[in-house]
Amino acid sequence: QVQLVESGGGLVQAGDSLRLSCAASGRTFSTYIMGWFRQAPGKEREFVAGITGGGRSRYYADSVKGRFTISRDNTENTIYLQMNSLKPEDTAVYYCAAKQGTIVDTTPTRYQRWGQGTQVTVSS
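Residues numbered from 1 in each chain as written. Predicted model: local features only at pLDDT ≥ 70, side-chain atom pairs only at ≥ 80, totals over all residues. Heavy atoms only, no water.

## Observations regarding the sheet that holds strand 3 (residues 18-24)
Selection rule: Strand pairing is assigned whenever DSSP detects at least two bridges linking the two strands. Secondary structure elements follow DSSP: runs of H or I no shorter than four residues count as helices, runs of E no shorter than two count as strands, and numbering proceeds from the N terminus. The angle between two axes is taken between their N-to-C directions and runs from 0 to 180 degrees, where each axis is a line fitted to C-alpha atoms and a helix contributes only its stretch in contact.
Across the sheet, which stays open at both edges, the 4 strands sit in the order 1-3-8-7 with antiparallel pairing between neighbours. Each of the sheet's edge strands pairs with one partner strand only, and the pair in question is strand 1 (4-7) and strand 7 (68-73). On average, adjacent strands in this sheet sit at an angle of 15 degrees to one another, irrespective of strand direction. Bridge analysis of strand 3 against strand 8 (residues 78-83) gives 6 bridges, and the strand direction is antiparallel. Residue pairing across strands places Cys-22 opposite Ile-79, the latter belonging to strand 8.

## Details of the pattern of salt bridges
Just so we agree on the cut-off: Whenever a carboxyl oxygen of Asp or Glu lies within 4 Å of a side-chain nitrogen of Lys or Arg, that contact is scored as a salt bridge.
Under the counting rule described, the total for this entry stands at 6 salt bridges. Salt bridges sharing common partners tie together Arg-38, Glu-46, Arg-67 and Asp-90.

## Re unusual backbone geometry
Here is the rule: Burial here depends on accessible area, computed with a 1.4 Å probe over protein chains only, as a share of the maximum for the residue type. Under 20% is buried, over 50% is exposed, and the range in between is partly exposed.
A positive phi angle is found at Asn-77, which is not glycine, with a value near 50 degrees. With respect to the element layout, Asn-77 can be found in the loop between strand 7 and strand 8. A relative accessible area of 18% places Asn-77 in the buried class.

## Quick notes on the nonpolar core
Basically, it comes down to this: The set of buried Ala, Val, Leu, Ile, Met, Phe, Trp, Tyr and Cys residues whose side-chain atoms join them within 4.5 Å is what this entry labels a nonpolar core. Residue contacts follow a heavy-atom distance rule, with two residues in contact if any of their heavy atoms lie within 4.5 Å.
Ranked by internal contacts, the top residues of the largest apolar core, which has 34 residues, are Met-34, Trp-36, Leu-81, Met-83 and Tyr-94. Broken down by secondary-structure element, the contributors of at least two residues to this core are strand 3, strand 4 (32-39), strand 5 (46-51), strand 7, strand 8, strand 9 (92-100) and strand 11 (118-123). When neighbours within four sequence positions are excluded, Tyr-94 is seen to be in contact with Glu-6, Leu-20, Phe-37, Arg-38, Val-48, Phe-68, Leu-81, Met-83, Gly-117, Thr-118 and Val-120.

Printed below as a string of structure tokens:
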């Protein structure tokens with residue numbers, strides 16, 4: 001089973017950039033679909049971005065398309081979320097998640113493994 005640890009969150013101003021990382025343990029990392037989700041206070045957890053095992057296909061929520069980029073390095077067992085042009089509404093706890101299979105799902109319950117989350121706060 002893969003274990004996930006996120007890092008890279010922080011407090012930034014609107015328009016700034018951040019890069020989140022998610023380090024995974026386990027030998028079969030490249031077989032997992034990986035996703036980034038976020039949860040703001042009082043709101044449900046929502047899909048942000050997802051990437052297939054080999055990294056060829058990437059999917060984004062409409063709210064972050066053109067500003068965020070998901071990537072993975074299977075040699076380092078790590079995925080990244082490059083976040084540019086951050087907005088106050090991007091403020092949330094960001095989680096990385098892993099699921100087996102070949103399809104990127106936007107539904108959180110389809111993911112079997114989760115990290116502990118990292119806080120991103122964007123001030124106006």
